[in-house]
Amino acid sequence: MSKPVVLIAEELSPATIDALGPDFEVRHVDGADRAQLLPALADVDAVLIRSATKMDAEAIAAAPSLKVIARAGVGLDNVDIKAATTAGVMVVNAPTSNIISAAELTVGHILSLARHIPAAHASLAAGAWKRSSFTGAELFEKTVGIIGLGRIGALIAARLQAFGVSVVAYDPYVTPARAQQLGVQLLSLDELLRTSDFVTIHMPKTAETTGMIGTEQFAIMKPTAYVVNVARGGLIDEEALYTALTTGEIAGAGLDVFTSEPPRPDGTAFPLLALPNVVVTPHLGASTEEAQEKAGVSVAKSVKLALEGDLVPDAVNVAGGIIDPFVRPGIALVEQLGQIFTGLAASALTSLDIEVRGELAEYDVSVYKLAALKGIFTNIVSEKVSYVNAPLFAEQRGIETRLIVEAESPLYRNITILRGTLADGSELTVAGTLAGTRMIPKVVGINGYELEVPIERHHVVMRYADRPGIVAIYGQKLGAAGINIESLQVARPDASGRALSVLTVSSPVPDEILEQMRDAVAGDLFRQIELTEA
């Protein structure tokens, strides 16, 4: 078999290639060159990018085999996540790869502003000796306000405390207990701005946070205060910042990110760059050798997981997250149950409950909902189905889904039941378990019939009025066609006297043989189920 193809569209650390290992065909392309990129995507399974490669709807459409887009970094502005999700393509990034680098750069900006380091360097390099022009301020006993006390904000707080500063923070999603643990006092945004000598912002860029520091906020800051943005361009209103800096509302600013990058692509002057009280860097938050290596290795590991069919903790368009090792073996089982469910359904699905019972109730099994939907749609839609777009297919069809988790399970240590309502008003249930120390996937229930059948590639499910000689009838038909019955289980008849048989057969049964079998046993439920690999 040919190896999966991984396209590296930008320069990544050698450790990235090493982390991929020998199981992939690795190709390279200049992702910034559209004429090279689009044809190179034709047969790739994964693409690794940084910030220069645009994976928009056009690029995704040019890659029919694409399963994962991996951004070796944090930002995803150059990836059309909606188009990727619709196409069933997983999008992953490396959200923790640059957090130390970004935190250290933030501290660097604060120190540069406090001691005028860049301006003093430029003056001395130009031949001047103006010590009195660059009198700065100590950080000791100053107040630093951190807007956004996430991973980077927490690292900054820890590093700045060594300078003897008072750290305050604004973050509506952080509890007082967590802030206390970090040695930080939580304040409202206005209170933080009023009291801080240095303000650094570390928020994601959303509709709500864009321009969150603007004219009103600068007006309540100290005239001796400095503001730093090493997070995302646009969090600070750049026009309002220019006004605040030139009118003396605040003392200075340190910027690593801008609304447009470069700030003026057309080459015209960018007013903020000309101000003497501004320290700027060209988006260097992740520009350390260590961060680049971490990012490359992280997404390489994610690509391996994705191409092996696993969910990826750093996938941004999959509601999965970290999967407990005890939960992981059941993913394939639930996906197979979904395929069996579809094979048995007489009409369209309108609602679905995924019931997880037994010892698995102690774990996060939200991934089972994704697995069930992936299995259900695998053989009924023409598009490629993945953990990414399976929920989208359900939403488009108006299928209501619920995950129900219960500890009670009288018969099995673990059992997962797919219980669906169909468009014709009927209900269909399929139940499965992982049995024994070898964790063998088995179907243990269909529509209330109890059985225990190991899941294989080819099954025939029949329901008929129970009577002697039935097995011989369909056994003869299959034998004549050269199809071996590998296993057979007949569930006890229900109150109506109808039995349910599940055959495991060696190969698909031709339609004409199925029709002969159905007629011979007078079956009212008769389905052949062929599973694809989960």
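Residue numbers restart at each chain and count upward from 1, following the sequence in its written direction. For a predicted model such as this one, the threshold for reporting local features is a pLDDT of at least 70, and the threshold for listing and counting side-chain atom pairs is 80 or more; totals across whole chains, interfaces and linings nevertheless cover every residue. For the side-chain quantities, the full set of heavy atoms in the structure was used; hydrogens and water were omitted.

1. What about the packing of helix 5 (residues 99-115) against helix 7 (residues 151-161)?
Put simply, the rule is: A fitted line through C-alpha atoms serves as each axis, taken over the contacting stretch for helices, and the angle formed by two N-to-C directions is quoted from 0 to 180°. Elements are defined by DSSP. Helices are runs of H or I of four residues or more, strands are runs of E of two residues or more, and each kind is numbered from the N terminus. Orientation labels follow simple angle bins: below 35 degrees gives roughly parallel, above 145 gives roughly antiparallel, 65 to 115 gives roughly perpendicular, and whatever is left gives oblique. Two helices that cross are described as forming a left-handed crossing if the nearer one is turned anticlockwise from the farther one by less than a right angle, and a right-handed crossing if clockwise. Residue contacts are defined here by distance: any two heavy atoms, one from each residue, within 4.5 Å place the two residues in contact. The classification used treats Ala, Val, Leu, Ile, Met, Phe, Trp, Tyr, Cys and Pro as nonpolar, Asp, Glu, Lys and Arg as charged, and all other residues, Gly among them, as polar.
Contact geometry for helix 5 and helix 7: axes closest at 9 Å, N-to-C directions at 50 degrees. Of the possible angle classes, the one that applies to helix 5 and helix 7 is oblique. The hand of the helix 5/helix 7 crossing is right-handed. Contacts from Ile99, Ile100, Ala102, Ala103, Glu104, Thr106, Val107 and Ile110 in helix 5 reach Arg151, Ile152, Leu155, Ile156, Arg159 and Leu160 in helix 7. Of the residues in the contact of helix 5 with helix 7, the class split is 10 nonpolar, 1 polar and 3 charged.

2. Here's the deal with the packing of aromatic side chains
Put simply, the test is: Classification of ring pairs uses Phe, Tyr and Trp, with its six-membered ring standing for Trp, and accepts pairs whose centres are within 6.5 Å; under 30 degrees between planes counts as stacked, over 60 as edge-to-face, and the remaining range as tilted. Each residue is assigned to one of three classes by its accessible area relative to the maximum for its type, calculated with a 1.4 Å probe on protein chains only: buried under 20%, partly exposed between the two thresholds, exposed over 50%.
Tallied over the entire structure, the rule returns 4 aromatic pairs. Consider the rings of Phe377 and Phe393, whose centres lie 5.8 Å apart with planes at 50 degrees: the pair is tilted. Of the two residues, Phe377 sits in helix 14 (residues 367-378) while Phe393 sits in helix 15 (residues 390-396), which places them 16 residues apart along the sequence. For Phe393, a relative accessible area of 4% corresponds to the buried category.

3. Describing a nonpolar patch on the surface
Using the following cut-off: The patches described consist of residues with a relative accessible area above 30% and no salt bridge, like charges being joined within 9 Å and nonpolar side chains (Val, Leu, Ile, Met, Phe, Trp, Tyr) within 5 Å. To be clear on the numbers: accessible area is Shrake-Rupley with a 1.4 Å probe, and residue cover counts the displayed protein chains and nothing else. Any carboxyl oxygen of Asp or Glu that lies within 4 Å of a side-chain nitrogen of Lys or Arg is treated as forming a salt bridge with it.
A cluster of nonpolar side chains, namely Val471, Leu488 and Val490, defines an oily patch on the protein surface of about 200 Å² accessible area. A relative accessible area of 37% means that Val471 is categorised as partly exposed.

4. Observations regarding the sheet that holds strand 9 (residues 198-201)
As a reminder, the rule being used: Only strands joined by at least two bridges in the DSSP assignment are considered to pair.
Spatially, 7 strands are ordered 8-7-6-9-10-11-12 in an open sheet, and the strand pairing comes out parallel. Two strands lie at the open edges of the sheet, namely strand 8 (185-186) and strand 12 (278-280), each paired on one side alone. Pairing analysis gives 4 bridges linking strand 10 (residues 226-229) to strand 11 (residues 252-255), with the strands arranged parallel. In the strand pairing of strand 11, Tyr226 is matched with Gly252. Set on the sheet, helix 11 (residues 238-247) makes contact with strand 10, strand 11 and strand 12; between it and strand 11 the angle comes to about 145 degrees.

5. Quick look at the environment of Leu531
Structurally, Leu531 is set in the segment after strand 22 (525-530). Once you skip the residues sitting within four places of it in the chain, Leu531 turns out to touch Gln336, Gln339, Ile340, Ile455, Glu456 and Arg457.

6. Points about empty space enclosed by the protein
Put simply, the rule reads: With a 1 Å grid spanning the protein atoms alone, the term cavity applies to any set of points in which a 1.4 Å probe fits but cannot get out, the term pocket to an open set with protein on both sides within 12 Å along at least five of seven lines, and the term lining residue to any residue with an atom within 4 Å of a point. Grid points are joined across faces, edges and corners, and a volume is the space filled by probe spheres set on the points.
As enumerated under the stated definition, the model contains 3 cavities of 30 Å³ or more in all. When its volume is computed, the largest cavity comes out at roughly 70 Å³. Lining the largest cavity, in full, are Ile340, Val443, Ile446, Val453, Ile455, His459, Val461, Val502 and Ile529. Of all the secondary structure elements, the ones that give two or more residues to the lining of the largest cavity are strand 17 (440-446) and strand 19 (458-465). Of the residues assigned to the lining of the largest cavity, the class counts are 8 nonpolar, 1 polar and no charged.

7. Section: the sheet that holds strand 5 (residues 90-92)
One open sheet holds the 5 strands; their spatial order is 2-1-3-4-5, and the pairing between them is parallel. Of all the strands in the sheet, the pair left with one neighbour each is strand 2 (25-28) and strand 5. Within the sheet, the average angular offset between the axes of one strand and its neighbour, ignoring direction, is 20 degrees. Along the sheet, helix 12 (residues 289-307) contacts strand 1 (5-8), strand 3 (46-49), strand 4 (68-71) and strand 5; its crossing angle with strand 4, the most-contacted strand, is approximately 170 degrees.

8. Some details on the environment of Glu406
Checked against the element boundaries, Glu406 lands in strand 14 (residues 400-406). The partly exposed category is assigned to Glu406, whose relative accessible area is 37%. As a C-alpha pair, Glu406 and Ile331 span 75 residues in sequence and 18 Å in three-dimensional space. When residues no more than four places from it in sequence are discounted, the contact partners of Glu406 are Val356, Arg357, Gly358 and Ala361.

9. Some points on the side chain of Thr106
Within the secondary structure, Thr106 is located in helix 5. Every residue in contact with Thr106, bar those within four places of it in the chain, is listed here: Ile156, Thr200, His202, Val228 and Val230.

10. Considering the pairing of strand 13 (residues 349-358)
Of all the 10 residues making up strand 13, 7 are buried; the element is thus mostly covered by neighbouring parts of the structure. Here strand 13 runs beside strand 15 (residues 414-422); their pairing, made up of 9 bridges, is antiparallel. The partner of Gly358 across the bridge, within strand 15, is Asn414. Pairing analysis gives 7 bridges linking strand 13 to strand 14, with the strands arranged parallel. From the neighbouring strand, Ser351 faces strand 14, where its bridge partner is Glu400.

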